[in-house]
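# Residue-level structure breakdown
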Amino acid sequence: MLKLAEIIREGLKVKLARKIATPPPELKIGKEPMPFSLPLETTVGEKFGADSSVIPLISREIEKAEINIDEAARTYNIGNITSLDFKSMEKSSTVMVASKVKEVIKEALLKKYKITSEELDEEISKHDKKIKSLATRCYIHILKQRM
C-alpha cells in the first residue's frame, strides 16, 4: 500500500509540473490576439477612441440606478446620478414623469461626463425600459401622496 501511495504522489507531482510549465493559450478574436490581462473597457476605449470609454460607465450607472425616496428632504434620489424634488412632480401624468426623469438623468450625465448630447441620447434610448421603471416608481409614490 505504501508503494501505491508513493506512485500516486509522484504522478500528481508530474501532472502539476506539466500544468505550471505550459502557458495558458491566448484568446484570438478575428486576426488579432487579445492578451488576458486587458479588461474589456480598456480595449473598447483604445479601439474606438477615448470618448467611447465613457459609454460603458454611463451604461453601468444607469443600470445600477434605483429610486430612493427621501421624505425628510422631499426628494427622489435617482441612484448616485441626481435627484428630483416632490414639488416638481406633484401634478404630473405618467408620460410627464417619465419625461422629467429622463431629462434630469440626461442633464446630470452631460455635466458629469464629457460626451455629446447625441451620443448620450443614443445611450439613454438603450435604457428606456429602466428609465420608465424608475419613473413608474416615482409616479406610484405621487399617487400614494395624493390619497
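Residues numbered from 1 in each chain as written. Predicted model: local features only at pLDDT ≥ 70, side-chain atom pairs only at ≥ 80, totals over all residues. Heavy atoms only, no water.

Moving on, we come to the sheet that holds strand β5 (residues 82-85). Spatially, the three strands line up as an open sheet ordered β3-β4-β5, and their pairing is antiparallel. Single-partner strands in this sheet number two, and they are β3 (67-70) and β5. On average, each strand axis in the sheet is tilted by 25° relative to the strand beside it, whichever way the strands run. Taken together, the four bridges between β3 and strand β4 (residues 75-78) define a ladder with antiparallel strand orientation. In the sheet register, asparagine 68 faces β4, and the bridge partner there is asparagine 77. Most of the contacts of helix α5 (residues 94-112) go to β5, to which it runs at about 140°, and overall it touches β4 and β5. (Pairing = 2+ DSSP bridges. Helix = DSSP H or I, 4+ residues; strand = E, 2+ residues; numbered from the N terminus. Axes fitted to C-alpha atoms, helices over the stretch in contact; angles between N-to-C directions. Contact = heavy atoms within 4.5 Å.)

This part takes up the UniProt feature "coiled-coil region" (unreviewed entry) in the protein. Within this numbering scheme, the UniProt entry marks residues 110-137 as carrying the feature "coiled-coil region" (unreviewed entry). When the span residues 110-137 is considered, its composition is 82% helix and 0% strand, and the gap between its end C-alpha atoms is 24 Å. (UniProt positions renumbered as here; feature names shortened; annotations may be inferred.)

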